[in-house]
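Fold and contact review
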Amino acid sequence: MAVQALDAARLPVDWAKLVQKLALATALFVVAYGVVPAYASGYLVEAILLPFLALSLAAVGLNLLTGYCGQLSLGSSAFMAVGAFGAYNFNLRVEGLPLAVTMILAGISAAGFGVVFGLPSLRLRGFYLAVSTLAAQFFVQWALTKFGWFSNDNPSGVISAPHLAVAGLSLDSATGRYLLSVTTVMVLTALVWRLVNSATGRNFIAVRDNETAARVIGVPVLRTKLLAFAISSFIIGIAGVLWAFTYLRTVEPAGFNLDRSFQILFIIIIGGLASIRGAFLGAAFIVVLPLFLSRLGAFLFGGLFDSGVLDMSQRIVLGAIIIIFLIAEPSGLSALFDRLKRRIGSRSS
Amino acid sequence: MIGASLGAAAYERASEISAILAVANPVGDRRLARLSSRPDVVLALSGIGISFGGVKALSDVDLEVEVGEIRAVIGPNGAGKSSLINIISGLYHADRGRIAIGGQSFSRVPASRLARLGVARTFQNLALFGGLSVRNNIACGRVHTRRASFVEHIAGLPRARSEDAGIAEKTDQIVAFLHLESVADRLVATLPYGLQKRVELARALVAEPKLLLLDEPMAGMTATEKAEMAGFVRAARDRHGVTIILIEHDIGVVMGLSDRVAVLDYGRKIADGTPAEVRADPAVIRAYIGTAEGENGEDIR
C-alpha cells in the first residue's frame with residue numbers, strides 16, 4: 001500500500017525541466033557577465049556584490065565540511081586568513097606569478113592547514129570538534145600578528161592587495177575585481193557541485209549520517225574526513241583571497257577573527273545545510289540584513305539610530321532569526337525557497 | 001634509576017603473563033586452524049569472550065558456519081547475540097578467542113577491511129544514510145570496490161565513469177530483486193520502517209558478500225512484513241549463494257528459515273544443531289521457559 005502511494009511522488013526524467021535549467025544557467029551568465037558589469041553602480045558592486053561573492057564561496061566551502069560531511073568547524077576565518085596572507089606572500093615573493101596560480105597556491109596552503117587542524121576530527125565529534133577547531137582560529141591569528149614576515153614587516157600587520165591582472169588585463173577597477181570574483185566563485189562552485197554529486201560526495205554524506213555503518217561497508221572514514229577538511233579549506237582559503245584582494249583591499253589579521261567564522265557558520269545555518277544554493281541565499285541574507293536594518297532604523301527612528309545602535313540591533317535580529325530558523329526551518333532558506341516554488345507551481349498548473 | 005629498572009622488570013613480567021594468557025587456549029587454536037583451513041567453513045569462532053565493566057557478555061563461545069547455510073543465533077534478551085555479531089564485524093574487540101573469516105585468522109577483526117574480507121551486515125537499529133536516496137544508499141554498499149579518486153570524479157574521467165556505471169548496474173539488479181523500484185529515487189529517511197529494513201538488506205547484498213550478518217532483520221515488523229523478509233533472506237541464499245548468520249528474536253521465523261541454530265543464554269552457547277534438535281533440547285526449553293515466565297514473555301513455537 002505504502003509503496004503505491006509513494007509512486008506518485010517520483011518524477012520521471014523531465015525534458016521541460018532540463019530546458020528550464022538550461023535557460024536559468026544562460027540567464028545567470030547574462031546577468032553575471034552582461035547586466036551587472038554594464039549597469040551596476042559602484043556602490044552595489046563594492047558594498048554588496050563583492051562581500052556577497054566572497055562570503056558565498058566561504059559558505060560553500062564550509063557547507064562541504066559541515067553540511068555534507070557533518071564536521072562542525074569554527075575555524076573558517078582562520079582558513080580565509082591563511083588563504084589571504086598566503087596569496088599576498090606568494091605574490092610578493094615569487095616574481096611574475098600569474099594570479100590564478102597565486103590563488104591556487106593560497107588555496108593549497110589553506111588546505112594543508114585544514115588537514116592539520118582536521119586531525120582532531122578523527123577522534124572528536126560534534127561540539128568537541130568545534131571547540132578544537134577554535135585552536136586553528138587562535139593559532140593563525142596569533143602567528144600572523146606575531147611574525148612580521150607574513151605581512152612583509154608592516155608595523156600593524158596590515159596587508160594590501162597587489163595589482164590584480166590576468167593575462168596583462170588589469171582588474172583593479174571595481175568591475176574588474178567583480179569579474180575576477182564572480183568567475184572564481186562560479187568555477188569553484190561548479191567543481192563543488194560535481195563533487196557533492198559524485199561518489200566522494202556520497203561518502204561525505206555517509207560519514208555524516210552514520211559513521212559506523214560507513215566504516216563497515218568500506219568507506220575510508222578517516223581519509224574521507226581529512227579530504228573534506230582539505231577541500232573545504234582550499235575553497236575557504238580562496239574565499240579569503242577574494243575577501244582581502246577584491247573586497248577589502250587592505251586587511252589585518254584581526255579582520256579574520258572568530259566573528260567572521262561564526263558569520264560563515266550562520267550563513268550556512270540560515271541558508272540551509274548541505275545545500276549549495278543555501279550558501280548563496282544565506283550569504284545574500286547576511287550581507288543585505290545590515291543595510292536593510294540601517295535603512296529601516298533611519299526611517300523609523302531618524303537620527304537616534306546611529307551606527308552603535310545599528311550594530312547592536314543587527315546582532316539581536318540575527319540571533320533571533322537564527323533561533324527561529326533552527327526551530328521552524330532547520331533546512332534553511334533553501335528549503336523555504338523550494339516550498340515557495342512548489343506552491344507557486346501548484347497554483348499555476 | 002632503581003625505580004625505572006623495577007618498573008621495567010614489572011612491565012616485562014606483566015607482558016610475560018599476558019603472553020601466557022594470550023596462548024592459554026592451544027586446543028582452541030588448533031581447532032581453529034583446522035576449521036579455517038577447511039574450504040567449506042566461511043567463519044569459525046573459537047573461545048570468544050568479552051566483558052563490559054565486569055559483566056561477561058560472552059564467554060568461551062565457539063561457532064562455525066559452513067558455506068551456503070543460514071545459521072541462526074538465538075537467545076533471550078541480553079544473551080550476547082548482538083555482541084557476537086559486533087565482534088565478528090570488528091565493532092567490538094573480543095577479550096579472548098580468535099575469529100577466522102575465509103581462512104584468515106584474527107583476534108581483532110579490522111572493521112574497515114570487513115567489506116573487502118567479503119562480509120556485509122545489517123544493524124539492529126537502522127543504520128542507513130538518511131540524506132541519500134534509496135538507490136544511492138544501496139550504491140554505497142559497493143564503495144569498497146571503488147578506486148577512482150575525487151579528482152577523477154570531478155573531472156569525470158573514464159575510470160570514475162566506468163565504476164559508476166558498473167555500480168549502477170549492480171544497484172539496479174538488487175533494487176529489482178528486493179522490489180524497491182517504486183521507491184528507488186526517494187530519500188531513504190522518508191520511507192516506512194519495513195522498507196528501510198529492506199533497503200539495508202539491499203545495501204548489504206549489493207556488496208556480493210560471502211558472509212552476510214543480519215542483526216534482527218525482522219525486529220519491529222508486522223507478520224506480513226516478516227514473512228516477506230524471510231522470503232528475501234532465503235532467496236538471497238538460494239540465488240546469490242551467500243552464507244547467512246541470522247540473529248533473531250522471533251523464534252518462529254528462525255526455526256522455519258535456518259539450517260542450524262545456536263542458542264545463547266547468559267553469554268554461553270547452550271545448544272547448537274538443527275532446528276528440530278534445538279527445539280527438543282532441555283537446556284533450551286529451560287532457558288526459554290524460564291525467561292518467558294520471568295522477564296519478557298517469549299515463547300517457543
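Residues numbered from 1 in each chain as written. Chains lettered and ligands numbered in written order. Predicted model: local features only at pLDDT ≥ 70, side-chain atom pairs only at ≥ 80, totals over all residues. Heavy atoms only, no water.

**Details of the overall build of chain A**
- The helix and strand inventory of chain A stands at 14 helices and four strands.
- Against the 2.2 N^0.38 benchmark of 20 Å for 349 residues, chain A shows a C-alpha radius of gyration of 21 Å, consistent with a compact globule.
- Counting 24 positive and 14 negative side-chain charges, chain A places the averaged centre of each group 9 Å from the other. (Helix = DSSP H or I, 4+ residues; strand = E, 2+ residues; numbered from the N terminus. Rg over C-alpha atoms; globule rule 2.2 N^0.38 Å. Lys, Arg positive; Asp, Glu negative; His and termini not counted. Charge placed at Lys NZ, Arg CZ, Asp CG, Glu CD.)

**Considering the overall build of chain B**
- In terms of helices and strands, chain B carries eleven helices and ten strands.
- In chain B, which comprises 301 residues, the proportion classed as buried is 51%.
- A separation of at least 24 residues holds for 65% of the contacts in chain B among residues at least 6 apart in sequence.
- For chain B, the accessible surface area stands at approximately 13,400 Å², while carbon and sulfur atoms represent 55% of it. (Buried < 20%, exposed > 50% of the residue type's maximum accessible area, 1.4 Å probe, protein only. Contact = heavy atoms within 4.5 Å. Areas by Shrake-Rupley, 256 points an atom, 1.4 Å probe, with all protein chains shown as cover.)

**Points about the packing of aromatic side chains**
- With the rule as written, the count across this model stands at twelve aromatic pairs over all chains.
- When the centroid spacing of 5.9 Å and the interplanar angle of 20 degrees are considered together, the rings of phenylalanine 113 of chain A and phenylalanine 117 of chain A count as stacked. Here phenylalanine 113 of chain A and its partner phenylalanine 117 of chain A are both found in helix 5 (residues 99-118), four residues apart, which amounts to about one turn of the helix.
- Owing to a relative accessible area of 15%, phenylalanine 117 of chain A belongs among the buried residues under this scheme.
- A ring pair is formed by tryptophan 142 of chain A and phenylalanine 147 of chain A, whose centres lie 5.8 Å apart and whose planes are at 80 degrees; its orientation type is edge-to-face.
- Its end group placed over the ring of phenylalanine 123 of chain B, arginine 121 of chain B keeps NZ or CZ at 4.1 Å from the ring centre. (Phe/Tyr/Trp six-rings, centres within 6.5 Å; stacked < 30°, edge-to-face > 60°. Lys NZ or Arg CZ within 6 Å of the ring centre and 35° of its normal.)

**Re the pairing of strand 9 (residues 260-265) of chain B**
All names here are of chain B.
- Burial of strand 9 is extensive: six of the six residues sit out of reach of the surface.
- Of the two faces of strand 9, the one lined by Arg260, Ala262 and Leu264 and the one lined by Val261, Val263 and Asp265 are each fully buried.
- Relative to strand 9, strand 3 (residues 70-74) is paired through four bridges, and the arrangement is parallel. In the strand pairing of strand 9, isoleucine 74 is matched with valine 263.
- Summarising the sheet, strand 9 and strand 10 (residues 268-273) pair through five bridges and their orientation is antiparallel. Of the residues in strand 10, the one forming a bridge with aspartate 265 is arginine 268.
- Hairpin remark: strand 9 followed by strand 10, antiparallel, with two residues in the connecting loop; positive phi at tyrosine 266, about 45 degrees. (Pairing = 2+ DSSP bridges.)

**Concerning the nonpolar core**
- With 133 residues, the main nonpolar core has Leu64 and Tyr178 of chain A together with Leu43 and Leu84 of chain B as its most contacted residues.
- Looking at which element gives the most residues to this core, the answer is helix 3 (residues 42-68) of chain A, with 16 residues.
- When we break this core down by domain, the ones giving at least three residues each are domain 1 (25-118 + 209-301) and domain 2 (130-200) of chain B.
- Among the nonpolar cores identified, the runner-up in size contains 36 residues, and Val175, Phe177, Val199 and Leu214 of chain B belong to it. (Core = buried A, V, L, I, M, F, W, Y, C linked by side-chain atoms within 4.5 Å. Domains from an automatic or database assignment.)

**Re empty space enclosed by the protein**
- All told, the structure shown has three cavities of 30 Å³ or more when counted by the stated rule.
- Sorting the residues of the lining of the largest cavity by element identifies helix 9 (211-217) of chain A together with strand 6 (119-121) and helix 7 (193-205) of chain B as the ones contributing at least two each.
- At three residues, the largest contribution of residues to the lining of the largest cavity is made by strand 6 of chain B.
- Taken together, the residues of the lining of the largest cavity break down into seven nonpolar, two polar and two charged. (1 Å grid on protein atoms, 1.4 Å probe; cavity = no way out; pocket = protein on both sides within 12 Å on 5 of 7 lines; lining within 4 Å. Points joined across faces, edges and corners; volume = space filled by probe spheres on them. Nonpolar A, V, L, I, M, F, W, Y, C, P; charged D, E, K, R; others polar.)

**Some details on the interface of chain A and chain B**
- Contact with chain A, which involves 29 residues of that partner, is made by 35 residues of chain B.
- Taking both sides of the interface into account, the surface hidden between chain A and chain B amounts to around 2,600 Å²; carbon and sulfur atoms contribute 68%.
- If you look at where chain A meets chain B, you find zero salt bridges.
- Counting every contact that joins chain A to chain B gives four residue pairs in polar contact (both at pLDDT 80 or more).
- Taken together, the elements giving at least two residues each to the side of chain A that touches chain B come down to helix 1 (2-7), helix 7 (174-196), helix 8 (199-209), helix 9 and helix 10 (221-248) of chain A.
- Considering every element that reaches the side of chain A that touches chain B, the biggest residue donor is helix 8 of chain A, with eight residues.
- Residues of the side of chain A that touches chain B, tallied by class, amount to 16 nonpolar, six polar and seven charged. (Buried area = accessible area lost by both parts, 1.4 Å probe. Salt bridge = Lys/Arg side-chain N within 4 Å of Asp/Glu carboxyl O. Polar contact = N/O pair within 3.5 Å; in protein donor to acceptor, adjacent residues only side chain to side chain.)

**Brief notes about the state of the cysteines**
- For the structure shown, the criterion picks out zero disulfides over all chains.
- Summary of cysteine pairing: cysteine 69 of chain A is not part of a disulfide, and the nearest cysteine sulfur, belonging to cysteine 140 of chain B, is at 12 Å. (Disulfide = S-S within 2.5 Å.)

**Considering the confidence of the model for chain B**
Residue and element names in this part refer to chain B.
- In the predicted model, chain B carries a mean pLDDT of 85, and the fraction of residues at 70 or more is 83%.
- When mean pLDDT is taken per element in chain B, helix 4 (residues 134-140) scores highest with 97 and helix 1 (residues 2-22) scores lowest with 45.
- Across residues 292-301, confidence stays below pLDDT 50; counting only partners more than four residues off in sequence or on other chains, it has 16 contacts. (pLDDT = per-residue confidence, 0-100.)

**Some words on the pairing of strand 2 (residues 55-66) of chain B**
All names here are of chain B.
- Here eight bridges tie strand 1 (residues 41-52) to strand 2, and the two strands are oriented antiparallel to one another. Within the sheet, the bridge partner assigned to alanine 44 lies in strand 2 and is glutamate 64.
- Hairpin connection, strand 1 to strand 2: the antiparallel pair is bridged by two residues, and glycine 53 has positive phi, about 50 degrees.

**Quick notes on the sheet that holds strand 7 (residues 211-215) of chain B**
All names here are of chain B.
- Pairing is mixed in the open sheet, where six strands are placed in the order 6-7-8-3-9-10. Whereas interior strands pair on both sides, the edge strands pair on one side only; in this sheet they are strand 6 and strand 10. For this sheet the average axis-to-axis angle between neighbouring strands, irrespective of direction, equals 15 degrees. (Axes fitted to C-alpha atoms, helices over the stretch in contact; angles between N-to-C directions.)

**Focus on helix 6 (residues 126-146) of chain A**
Residues and elements named next belong to chain A.
- Its 21 residues give helix 6 an end-to-end C-alpha distance of 31 Å, which sits within 8% of 30 Å, the value for a rise of 1.5 Å per residue.
- Every buried residue of helix 6 is listed here: Leu129, Ala130, Ser132, Thr133, Leu134, Ala136, Gln137, Val140, Ala143 and Leu144.
- Buried residues in helix 6 make contact with helix 4 (76-93), helix 5, helix 10 and helix 11 (258-271). (Expected span 1.5 Å × (residues − 1).)

**A few points about helix 10 of chain A**
Residue and element names in this part refer to chain A.
- For helix 10, built from 28 residues, the straight-helix expectation of 40 Å at 1.5 Å per residue is met to within 8% by its first-to-last C-alpha distance of 38 Å.
- Most of helix 10 is tucked away, with 22 of its 28 residues classed as buried.
- Remark: arginine 249 follows helix 10 within two positions and exhibits a positive phi of approximately 75 degrees.

**As for the domain arrangement of chain B**
Residue and element names in this part refer to chain B.
- Domains assigned within chain B are domain 1 (25-118 + 209-301) and domain 2 (130-200).
- Each partner contributes residues to the interface: domain 1 has 16 residues there, and domain 2 has nine residues.
- Taken together, the connections running from domain 1 to domain 2 amount to three residue pairs in polar contact (both at pLDDT 80 or more).
- In terms of residue count, the dominant contributor to the side of domain 1 that touches domain 2 is helix 8 (residues 223-240) (eight residues).

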